[in-house]
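Each chain, written out:
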Amino acid sequence: MTEQTGTAEQIVLRPARPEEIPVLLALWARAAKGTSITDDAAGVAALLARDPQCLIVAAAADDPATPLGTVIAGWDGWRCHLYRLAVDPDHRRRGIGAALLAAAEERFAALGGRRADAMVLDDNALGHRTWQAAGYHPEPQWTRWVKPLAGGAS
Ligand SMILES: CC(C)(COP(=O)(O)OP(=O)(O)OC[C@H]1O[C@@H](n2cnc3c(N)ncnc32)[C@H](O)[C@@H]1OP(=O)(O)O)[C@@H](O)C(=O)NCCC(=O)NCCS
């Protein structure tokens, strides 16, 4: 992903840098909804090692080093999965979330992706409004089935 300037709140959208992993984890701790089994330094480092462009950071144009929001635009060659859409609570409702999703979709389109999806908690009304505003809709016929892997957290 090339760095670009967004229209919302004069933000820049850029790939995350490995050296800012602790800052991103702190942002998720106060801004993201729920926690993930991969929310640790090793998990994010593995993500960036595999796909250095997939973790998109939004920052103020006049302070590009400080992340204000994130989304993971994961492409595995088959499907397009969105994770960790989160915006700093002090900077919400200014278009950053929408700009992050637009950047993720731009990446997916460039990679040949055909459909984007996200897991959204049923009780996350704020998330529902954001996804809906960006054109996403639920598919209630699906339920996530999981199995912890050896060596991973439950
Ligand atoms: C969801 C989240 C990322 C949205 O970020 P944001 O930067 O505030 O979103 P935007 O300003 O781009 O809003 C885009 C649209 O979503 C909808 N929306 C977002 N927040 C809303 C709110 N509090 N109430 C109503 N609609 C809302 C609106 O339609 C909005 O467009 P508008 O402002 O022109 O009306 C942010 O609230 C957040 O980090 N929430 C906690 C984490 C989370 O739930 N993430 C989703 C996990 S699935």
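Please refer to the structure placed before this passage.
Criteria and thresholds
Residues numbered from 1 in each chain as written. Predicted model: local features only at pLDDT ≥ 70, side-chain atom pairs only at ≥ 80, totals over all residues. Heavy atoms only, no water. Phe/Tyr/Trp six-rings, centres within 6.5 Å; stacked < 30°, edge-to-face > 60°. Buried < 20%, exposed > 50% of the residue type's maximum accessible area, 1.4 Å probe, protein only. Lys NZ or Arg CZ within 6 Å of the ring centre and 35° of its normal. Core = buried A, V, L, I, M, F, W, Y, C linked by side-chain atoms within 4.5 Å. Helix = DSSP H or I, 4+ residues; strand = E, 2+ residues; numbered from the N terminus.

Draft legend 1. Spatial organisation of the packing of aromatic side chains. Inspection of the entire model under this criterion finds one aromatic pair. Considering the side-chain rings of Trp131 and Tyr136, the 5.0 Å spacing of their centres and the 75° angle between planes classify their relative orientation as edge-to-face. Across the pair, exposure class does not vary: Trp131 and Tyr136 are buried alike. When the ring centre of Trp28 is taken as origin, the NZ or CZ atom of Arg84, which lies over that ring, is 5.7 Å away.

Draft legend 2. Focus on the nonpolar core. If you look at the biggest cluster of nonpolar residues, it comprises 21 residues, and the most contacted ones within it are Leu13, Ile56, Leu82 and Leu100. For this core, the secondary structure elements donating two or more residues are strand 2 (11–15), strand 3 (55–60), strand 4 (63–75), strand 5 (80–87) and helix 3 (96–111). In this structure, Ala32, Leu48, Leu55 and Ile72 belong to the second largest nonpolar core, which totals 14 residues.

These values are about where atoms sit, not about what they do.
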